[in-house]
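# Descriptive analysis of the structure
These are the residues of each chain, in order.
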Amino acid sequence: MGCVAKKELYGRLLTWPRGWLEDGGRAADLPKGIQLLKPLTKGHCTRCGGTDRAPLPQGQSYCLDCLALGRVSTRDVLVTLPEPNAFEKRGKMIWTGELTEEQAILSEEMIQNARDGHDQLLVAVTGAGKTEMLFCLIDWALSSKQRVGLVSPRVDVLMELAPRIEKAFDVSMQVLYGEQTAPYRYTQLVLATTHQLLRFYRAFDLLLIDEVDAFPFRKNSLLERAVERSLKKDGRRLLMTATPSKKLLRAVHHGQLRLLERAARYHGHPLPEITCLYDRHWEKRASKVLKKTLAAFREAGKPFFLFVPRVRYLLPVLSYVQALGFEAGTTVHANDPQRLDKVQQMRAGQFDYLVTTTILERGVTVSGLQVVILGADDPTFSKETLVQMAGRVGRSAEDPVGQVLAIAAGPARSIRAAQKEIRMLNRKAEEKQS
Amino acid sequence: MNCLLCERTCPDSLSMISLLTGHLPAEKLVCQSCQSGFQRIGSVCCPDCGRDQRGSVKTLCSDCKRWQKMGLRPLSHRALFRYNEPMKKYMSRYKFLGDYRLRLLFQQAMRERVIKRMKAEKLDYVIAIPISSERLAQRGFNQVAPFIPIQVPSCRPLRLKKQPKRDQSSKSRKERMESSQPFELEPDALKVVKGKRLLIIDDVYTTGRTLHHASALLLEAGAVHVVSQSLAR
């Protein structure tokens, strides 16, 4: 372990027990140019910047904020090698799809901004074809020998992205996330969950962050610091979201971020609007309208998601939906070990529907999908969440319309705001087209 | 408050005393669902190794019969909990991730048990199973040390032999049974141990190989009686 290959240290931040450096043998074969960082600087953890600490015997201590990524204690040193951008030559971009005219303009603009060294914010509605717009930018960055990171706070989003990116580029790449078992390799393109950025140190020239408004990234200063630290000093970032927070818009206003907007979906059809109905007992039984709606979905042979606000509602809802004769369905939640498989199986047509919590609210594309949001007034469903859930519908060009039904116990501001936002975006898109 | 094991927020209400003193009782450190996963071993267990048994009669388990055949002195081992999935998870977070806070979860229960046994069995010293110096450097603590009560006399007659040793938990059962003596005596051990009754403490009793090695060495050094205690079995 003391003889970690040099490559594996480029731009990484690893934790070694201090003892490794002291006992003669290993100190000798340390790679040249290695940087050793103290684990604690002015009361802040050097890796994550957190201040929450717990004691160890003999006056030592360790950081609690980034404990999940392996312990950083005052008995350790953090080691890194400066990123040299020593990549092998790469082939051309394999992706040959075409962008619409508007997408192409935006994509050009993104490259220009990155070249000029600006941070940028891409606001594009759900289903605008964000990923495809990124391809040209990634290609530009890769061919100018930059190290590129594409991160998302959600594993599910990442898993959805990975195969598409892999097919598009002929370049060394890897996917990093918490439960993964494959060892780290040094690659030019890195796909990772945002937490994994804590293991990098001034590594990236370009960092693309998807779904910046999603939990856990939102209001999480730890991850914001992780982004800051994993970027090179002159590195640039591109933030992406469908539903920008006020804080981001303020940053745009202050000129810290360049704003790029895309209000229309790539196929030009409007976003599906949310229909809201009230039913106080939605967790106990299916209302007439719900029965009718589900029957209509079955008639049309369309898959659907039933969103519920909390894990404890999953089973009751599943059981009453199954009692209606919808057998091919299951539940998904964040701690479900098979969550990634279940979504795959749904796409393969093994399930007609999933009862899910907010974890599938974004990044998931299933063609022809319909959505029912149960308990839409629950505080766990924010405006952004509702807009995202509605955005699962009608994403493919062949099937661009669909239904979003929200059933709430009572009126809520978040629902009104989400409906308003969708209408506003649709109006914006229409104005641009005409 | 977040549960130390599953990291979810637990809705448990805090008592006024906890709020004022900042001291959390051990059962509040983890959430209800994590807490309920740990299974206490009752009084009906194998008399030699403390393995949990059903029914109402204590019988020697097959493992211990094998130890007897090998001519080893019984350990009268006792464990507080079963080594089930939640306990394995606890151990991996406490030992391998190194979250030292987790010692608090079972500290009191273990200390109480040790004190009780010291009195009941008239024991002289408590001994924590040592860990290698490399491991200690990496982990920063001996996982068993917090389980020794402050007020009872303890000593450290054992240390690990210097050898490239693999972690016990990465070995198969057969490999573990055949493993040779990993311990040696500290230079002044004979003086301390001679004629004494001892209690060895470990975190997990799996095959009993480690504890039997330690016990054999201590008996050889002149101890008259050696028994053992662990957190999990």
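Residue positions within a chain follow its written sequence, with the count starting from 1. Whichever chain is written first is A, and whichever ligand is written first is 1; the rest continue in order. Whole-chain, interface and lining totals are the exception, using all residues; otherwise, since this is a predicted model, local features are given only for residues with pLDDT of at least 70 and side-chain atom pairs are given and counted only at 80 or more.

### A short note on the overall build of chain B
A tally of helices and strands in chain B yields nine helices and six strands. It is over C-alpha atoms that the radius of gyration is taken, and the globule rule equals 2.2 Å times the number of residues to the power 0.38. For 233 residues, the compact-globule formula gives about 17 Å, and the C-alpha radius of gyration of chain B, at 18 Å, lands near that figure. With respect to the three principal axes, the spread of C-alpha positions in chain B is 55 × 45 × 35 Å. Evaluated residue by residue, chain B yields a buried proportion of 31% over its 233 residues. Two residues qualify as a contact pair if the distance between their C-beta atoms, derived from the backbone, is within 7 Å. Counting contacts in chain B only where the partners sit at least 6 residues apart, residues at least 24 apart contribute 76% of the total. Runs of E in the DSSP output that reach at least two residues are strands. Runs of H or I that reach at least four are helices, and both are numbered from the N terminus. Neighbour density around each residue's C-beta defines its exposure: 20 or more other C-beta atoms within 10 Å make it buried, 12 or fewer make it exposed, and counts between make it partly exposed, where C-beta atoms are placed from the backbone.

### Points about the overall build of chain A
Along its length, chain A carries 12 helices and 20 strands. Against the globule reference of 22 Å for 434 residues, chain A gives a C-alpha radius of gyration of 23 Å, in line with a compact fold. Considering only C-alpha atoms, chain A reaches an extent of 75 × 50 × 40 Å along its principal axes. Looking at chain A as a whole, 44% of its 434 residues qualify as buried. Considering only contacts within chain A whose residues lie at least 6 apart along the sequence, 76% involve residues at least 24 apart.

### Notes on the packing of helix α3 (residues 101-115) of chain A against helix α4 (residues 130-143) of chain A
All names here are of chain A. Lines are fitted to the C-alpha atoms to define the axes, a helix being fitted only along its stretch in contact, and any angle between axes, read from their N-to-C directions, falls within 0 to 180 degrees. Relative to each other, α3 and α4 sit at 35°, their axes nearing to 9 Å. Our pair here, α3 against α4, has a crossing hand that is right-handed. Contacts from Q103, L106, S107, M110, I111 and A114 of α3 reach α4 at E132, M133, C136, L137, W140 and A141. Gly falls in the polar group here, along with every residue not listed as nonpolar (Ala, Val, Leu, Ile, Met, Phe, Trp, Tyr, Cys, Pro) or charged (Asp, Glu, Lys, Arg). Of the residues belonging to the contact of α3 with α4, the class tally is nine nonpolar, two polar and one charged. Should the near helix be turned anticlockwise from the far one by less than a right angle, the crossing is termed left-handed; should it be turned clockwise, right-handed.

### Some points on the domain arrangement of chain B
As a measure of interface size, the accessible area lost when the parts come together is often cited. All names here are of chain B. Taken as a whole, chain B is organised into domain 1 (1-36) and domain 2 (37-232). Bear in mind that the domain bounds are from an automatic or database domain assignment. Here the C-alpha centroids of domain 1 and domain 2 sit 29 Å apart. Tallying the contact residues gives eight residues for domain 1 and 12 residues for domain 2. A breakdown of the residues in the side of domain 1 that touches domain 2 according to their chemical character gives six nonpolar, two polar and no charged.

### A look at the sheet that holds strand β12 (residues 204-209) of chain A
All names here are of chain A. Strand pairing is assigned whenever DSSP detects at least two bridges linking the two strands. Read across the open sheet, the seven strands follow the order β10-β11-β9-β12-β13-β8-β14; overall the sheet is parallel. Since the sheet does not close on itself, it has two edges, and those belong to β10 (173-176) and β14 (258-262), each with one partner. Strand after strand, the sheet turns through a mean of 15° between neighbouring axes, direction not considered. Judged from the five bridges that link them, strand β8 (residues 120-124) and β14 form a sheet pairing that is parallel. When the bridges of β14 are listed, L122 appears paired with L260. Along the sheet, helix α5 (residues 155-168) makes contact with β9 (148-152), β10 and β11 (189-193), crossing β11 at roughly 160°.

### Considerations on the pairing of strand β5 (residues 197-204) of chain B
Residues and elements named next belong to chain B. Among the eight residues of β5, six are classified as buried, and the element is accordingly described as predominantly covered. Examined bridge by bridge, strand β2 (residues 125-128) and β5 share four bridges and lie parallel to one another. Within β5, the residue paired with A128 across the bridge is I201. Throughout, right-handed denotes a crossover for which the path from the first strand over the helix to the second runs clockwise when the strands point away from the viewer. Between the parallel elements β5 and strand β6 (residues 225-232), the chain passes through helix α9 (residues 209-220) in a crossover that is right-handed.

### As for unusual backbone geometry
Even without a glycine there, the phi angle at A:K42 is positive, about 50°. The exposure class assigned to A:K42 is exposed, which follows from the 6 C-beta atoms found within 10 Å. Phi is positive for B:S76, close to 45°, though the residue is something other than glycine. Relative to the assigned elements, B:S76 resides in the loop between α3 (62-69) and β1 (78-81).

### Overview of the domain arrangement of chain A
Partitioning chain A into domains gives domain 1 (6-80), domain 2 (101-262) and domain 3 (274-433). Taking only C-alpha atoms into account, the centre of domain 1 of chain A sits 45 Å from that of domain 3 of chain A.

### Let's talk about the pairing of β9(A)
Residues and elements named next belong to chain A. In terms of burial, β9 is a largely internal element, five of the five residues being buried. Neither face of β9 is open: one carries V148, L150 and S152, the other G149 and V151, and all of them are buried. The sheet contact formed by β9 and β11 spans five bridges and is parallel. Looking at β11, one finds that V151 is bridged to A192. With four bridges connecting them, β9 and β12 associate as parallel partners. Of the residues in β12, the one forming a bridge with G149 is L207.

### Section: the interface of chain A and chain B
Contacts between chain A and chain B engage 10 residues on the former and nine residues on the latter. Across the side of chain A that touches chain B, the residue classes break down as five nonpolar, three polar and two charged.

### Observations regarding the sheet that holds β5(B)
All names here are of chain B. With parallel pairing, the four strands of this open sheet are ordered in space as β1-β6-β5-β2. At either margin of the open sheet sits one strand with a lone partner, and together these are β1 and β2. Taking each pair of neighbouring strands and ignoring which way they run, the sheet shows an average axis angle of 20°. Relative to β6, β1 runs parallel, the two sharing three bridges. Bridge pairing in β6 links R78 to Q229.

### Some remarks on α9(B)
All names here are of chain B. By this rule the span expected of a helix is its residue count minus one, scaled by 1.5 Å. Spanning 12 residues, α9 covers 16 Å between terminal C-alpha atoms, matching the ideal 16 Å at 1.5 Å per step. Among the residues making up α9, those that are buried are R209, T210, L211, H212, A214, S215, L217 and L218. A positive backbone phi angle near 115° is found at G222, which sits one or two residues after α9.

### Structural notes on the nonpolar core
With 122 residues, the main nonpolar core has A:L306, A:V371, A:I373, A:L386, A:A390, A:A406 and A:I407 as its most contacted residues. If one sorts the elements of this core by residue count, α4(A) sits on top with seven residues. Here A:A390 is in contact with A:L271, A:P272, A:I274, A:V371, A:V404 and A:I422, once residues within four sequence places are set aside. To form a nonpolar core, buried Ala, Val, Leu, Ile, Met, Phe, Trp, Tyr and Cys residues must be joined through C-beta atoms within 7 Å. Grouped together as the second largest cluster of nonpolar side chains are 46 residues, B:M118, B:I129, B:V144 and B:V193 included.

### With respect to the packing of helix α11 (residues 383-390) of chain A against helix α12 (residues 413-433) of chain A
Residues and elements named next belong to chain A. Contact pair α11 / α12: the axes reach a minimum separation of 8 Å and the direction vectors enclose 50°. One finds that α11 runs oblique with respect to α12. In the crossing of α11 with α12, the sense of the turn from one axis to the other is right-handed. Where α11 abuts α12, its residues K383, L386, V387 and A390 lie against S414, I415, A417, A418, E421 and I422. Each angle gets one of four labels, with under 35 degrees taken as roughly parallel, over 145 as roughly antiparallel, 65 to 115 as roughly perpendicular, and the rest as oblique.

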